[in-house]
Amino acid sequence: GLGDVTVPEVGIQAGIKYMSRLINDFDPGLKMKDRIRFAQAAYNVGKGHVIDARRLAEEQKLNPDKWFGNVEKLTGKK
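In short, a report on the structure. Note that the structure is predicted; figures quoted are calculated from it, not measured.

This part is about the nonpolar core. Grouped together as the largest cluster of nonpolar side chains are 13 residues, with contacts concentrated most on Phe26, Phe38, Ala42, Val50, Trp67 and Val71. Residue assignment for this core shows that the elements contributing at least two residues are α1 (8–25), α2 (32–45) and α3 (47–59). In terms of residue count, the dominant contributor to this core is α2 (4 residues). Apart from the residues lying within four places of it in its own chain, the contact partners of Phe26 are Arg35, Phe38, Ala39, Ala42, Lys47, Val50 and Arg54.

Moving on to unusual backbone geometry. With phi around 65°, Lys61 is a residue other than glycine that occupies positive phi space. Structurally, Lys61 is set in the segment after α3. For Lys61, a relative accessible area of 76% translates into the label exposed.

Below, the discussion takes up the environment of Glu9. Inspection of the secondary structure assignment puts Glu9 in helix α1. The sequence separation of Glu9 and Arg21 amounts to 12 residues, and the corresponding C-alpha distance is 19 Å.

Turning to the packing of aromatic side chains, a few remarks are in order. Each aromatic ring pair is specified by the distance between its two centres and by the angle formed by the two planes. Inspection of the entire model under this criterion finds 3 aromatic pairs. Both rings, one in Tyr18 and one in Tyr43, keep their centres 5.5 Å apart while their planes meet at 50°; by these two values the pair is tilted. Of this pair, Tyr18 sits in helix α1 while Tyr43 sits in helix α2; the two residues are 25 residues apart in sequence, bridging distant segments of the chain. For Tyr18, a relative accessible area of 32% corresponds to the partly exposed category. Centre to centre, the rings of Phe38 and Trp67 are 6.0 Å apart; their planes meet at 80°, and the pair counts as edge-to-face. Here Phe38, found in helix α2, pairs with Trp67, found in the segment after α3; they are 29 residues apart in sequence, far enough to count as distant. Each member of the pair, Phe38 together with Trp67, is buried.

Scoring rules and cut-offs
Residue indices follow the written sequence of each chain, beginning from 1 at its first position. A pLDDT threshold of at least 70 governs which residues receive local features in this predicted model, and a stricter bar of 80 or more applies before side-chain atom pairs are shown or counted, although totals over entire chains, interfaces and linings include all residues. Note that water and hydrogens are dropped before the side-chain values are worked out from all heavy atoms of the structure. Take the buried Ala, Val, Leu, Ile, Met, Phe, Trp, Tyr and Cys residues and link them wherever side-chain atoms come within 4.5 Å; each set so joined is a nonpolar core. Buried residues are those whose accessible area, probed at 1.4 Å on protein chains only, stays under 20% of the maximum for their type, while exposed residues exceed 50% and partly exposed ones sit between those limits. By the criteria applied, helices consist of DSSP H or I runs no shorter than four residues and strands consist of E runs no shorter than two, each listed in order from the N terminus. Contact criterion: two residues are considered in contact whenever any of their non-hydrogen atoms come within 4.5 Å of each other. When the centres of two rings from Phe, Tyr and Trp lie within 6.5 Å, Trp using its six-membered ring, the rings pair. Their planes under 30 degrees apart give stacked, over 60 give edge-to-face, and anything left gives tilted.

Below, the structure is given as structure tokens:
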């Protein structure tokens, strides 16, 4: 509903709104730096994939609340 996202200013605003939504979709109890990292990954690979990777991290005794060295290993993205 923002207009033509091929217009740079509109596309930037759309990207900002989407990233903000993704950041807010993750547990507010997480450290902000990890919420941002999860949101960046979700932007690239999809939120469902990040959620699945967090679940798998927990199953593999990794920390599902930390990106580097934990959830990142299970998404294929660094």
